[in-house]
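Given next are the chains, with one letter for each unit.
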Amino acid sequence: MLTGAGISAESGVPTFRGPGGLWERYRPEELATPEAFERDPELVWRWYKWRQEVIYSASPNPGHYAVAELERLGVVKAVITQNVDGLHQRAGSTKVVELHGSIWRARCTKCGAVYKLEKPVEAVPPRCAKCGGLLRPDVVWFGEPLPQEAWREAAELAAASDVMIVVGTSGVVYPAAYIPQIAKRAGAVVIEVNIEPSAITPIADFFIRGRAGEVLPRLVE
Ligand code: BJW
Ligand code: ZN
């Protein structure tokens, strides 16, 4: 299974693209790039702190819980997610491959130390307890490579899958958008769940139009 921001929409976590999406109010190149962070780390951290607060007070929705249940039932082998919110894990999914990192980790730009965050950061920008260096969110920005191990695992899972369920992603961000293509090429059936057609739809064998929180629980029954 591949998930995107749409699966967390019903938890009140804004998506990136589309009506009400984050990019309507904020320009990606001003916030989600290494250049933006170099230019104004405080601005970038203020945005991430705000998003951490939104996610912290949000809860997994029936879509996340259905995915976790499908894993327990042995139907879903793993969740490959582009989301950084950690809601799949909070819903009980155990096999989660995070392609774009986690908003619940920070990483030192100087010594590389990684910090697990239990709650939203307090002061921005936060600093490294070990070397005093500037911390950055441990997420993948535009122009940055995906974590090698996560990408390798995701590509392997896709190549070995019989069915790939794609939920709530616009399918425009690469290399994540290659995952359904890899599965398809390996002979998998691609099933898409989305409230509207996406860039994945042309290669999907089945398109189920609807909200993740309504469609996915029906797959459990
Ligand atoms: C619902 C719903 C409901 C709503 N139920 N559904 C090949 C071609 C073209 C470009 C490139 C390419 N290869 C690389 C690029 C460049 C770039 C890229 O892809 N650009 C395109 C946008 C043009 N990619 C990169 O830069 C990547 N890095 C890279 O390629 O590195 C190469 C390299 C190699 C070696 C050395 C150096 C470099 C990195 C991409 C990182 C993306 N990062 C972000 C931010 C993460 C951190 C953060 O959260 O702040 O990841 S951007 C943002 O988009 C975020 C998301 O994970 C990602 C995908 O978004 P997603 O999940 O699809 O959400 P939306 O909002 O787009 O869509 C929501 C969907 O849900 C919609 O379809 C709705 O209809 C639906 N929906 N409610 C069901 N209730
Ligand atoms: Zn450090």
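Everything numeric in this text was worked out from a predicted model, so none of it was measured.

1. With respect to helix α5 (residues 41–56)
Taking 1.5 Å of rise per residue, 16 residues should cover 22 Å, and α5 covers 22 Å from first to last C-alpha, within 8% of that figure. Burial in α5 covers these residues: Pro41, Val44, Trp45, Trp47, Tyr48, Arg51, Gln52 and Ile55. One side of α5 carries all its buried residues, which in axial view fall inside an arc of 155 degrees. On its buried side, α5 packs onto α2 (22–25), α3 (28–31), α4 (34–39), α7 (87–91), β4 (101–108) and β6 (135–139).

2. Quick look at the coordination of the zinc ion (ligand 2)
At 2.3 to 2.4 Å from the zinc ion (ligand 2) lie its protein donor atoms, namely Cys108 (SG), Cys111 (SG), Cys128 (SG) and Cys131 (SG). Viewed at the metal, the four donor atoms of the zinc ion (ligand 2) are separated by angles of 98 to 114 degrees, and the geometry they form is tetrahedral. Positions of the donor residues of the zinc ion (ligand 2) along the chain correspond to the pattern C-x2-C-x16-C-x2-C. Assessed through its relative accessible area of 29%, Cys131 is described here as partly exposed.

3. Things to note about the nonpolar core
One recurring pattern in soluble globular proteins: nonpolar side chains tend to sit buried together. Core analysis: the largest hydrophobic core is formed by 28 residues, its most contacted members being Trp45, Tyr48, Leu135 and Trp141. For this core, the secondary-structure elements that each account for two or more residues are α2, α4, α5, β4 and β6. Counting residues per element, this core draws most heavily on α5, at five residues. With sequence-adjacent residues up to four places away left out, Trp141 is seen in contact with Leu31, Ala32, Thr33, Pro34, Phe37, Val44, Tyr48 and Arg136. Counting 21 residues, the second-largest nonpolar core is a separate cluster that includes Ile80, Ala176, Val190 and Ala204.

4. Here's the deal with the site of ligand 1
Ligand 1 sits among 34 residues. The nearest are Arg17, Tyr48, Arg51, Thr169 and Ser170. With respect to ligand 1, the backbone of Ala5 contributes an N or O atom lying 2.8 Å from an oxygen atom. Arg51 places a polar side-chain atom, nitrogen or oxygen, 2.6 Å from an oxygen atom of ligand 1. Bound to the protein, ligand 1 loses 75% of the 1500 Å² it would expose on its own. Grouping the amino acids of the shell around ligand 1 by side-chain chemistry returns 17 nonpolar, eleven polar and six charged.

5. Structural notes on the sheet that holds β6
Strand order in the open sheet formed by three strands is β5-β4-β6, with antiparallel pairing between adjacent strands. Both edges of this open sheet fall to β5 (114–116) and β6, since each of them pairs with a single strand only. Along the sheet, successive strands turn relative to each other by an average axial angle of 40 degrees, direction set aside. Bridge analysis of β4 against β5 gives three bridges, and the strand direction is antiparallel. Paired with Arg105 across the bridge in β5 is Lys116. The strands touched by α5 are β4 and β6; relative to β4, the strand with the most contacts, the crossing angle is about 140 degrees.

6. Some details on the sheet that holds strand β8 (residues 189–194)
Ordered in space as β3-β2-β1-β7-β8-β9, the six strands form an open sheet in which the pairing is parallel. In this open sheet, the two edge strands, each paired with only one partner strand, are β3 (96–98) and β9 (206–209). In this fold helix α8 (residues 148–159) packs onto β2 (79–81), β3 and β7 (163–167), with an angle of close to 130 degrees to the strand it touches most, β3.

Cut-offs and rules
- Residues numbered from 1 in each chain as written.
- Chains lettered and ligands numbered in written order.
- Predicted model: local features only at pLDDT ≥ 70, side-chain atom pairs only at ≥ 80, totals over all residues.
- Heavy atoms only, no water.
- Helix = DSSP H or I, 4+ residues; strand = E, 2+ residues; numbered from the N terminus.
- Expected span 1.5 Å × (residues − 1).
- Buried < 20%, exposed > 50% of the residue type's maximum accessible area, 1.4 Å probe, protein only.
- Arc of directions from axis to C-beta.
- Contact = heavy atoms within 4.5 Å.
- Donors = N, O, S within 2.8 Å, 3.2 Å for Na, K, Ca; no water.
- Tetrahedral: all angles 85-135°; square planar, octahedral: opposite > 155°, others 65-115°.
- Core = buried A, V, L, I, M, F, W, Y, C linked by side-chain atoms within 4.5 Å.
- Near = heavy atom within 4 Å.
- Polar contact = N/O pair within 3.5 Å; in protein donor to acceptor, adjacent residues only side chain to side chain.
- Areas by Shrake-Rupley, 256 points an atom, 1.4 Å probe, with all protein chains shown as cover.
- Nonpolar A, V, L, I, M, F, W, Y, C, P; charged D, E, K, R; others polar.
- Pairing = 2+ DSSP bridges.
- Axes fitted to C-alpha atoms, helices over the stretch in contact; angles between N-to-C directions.

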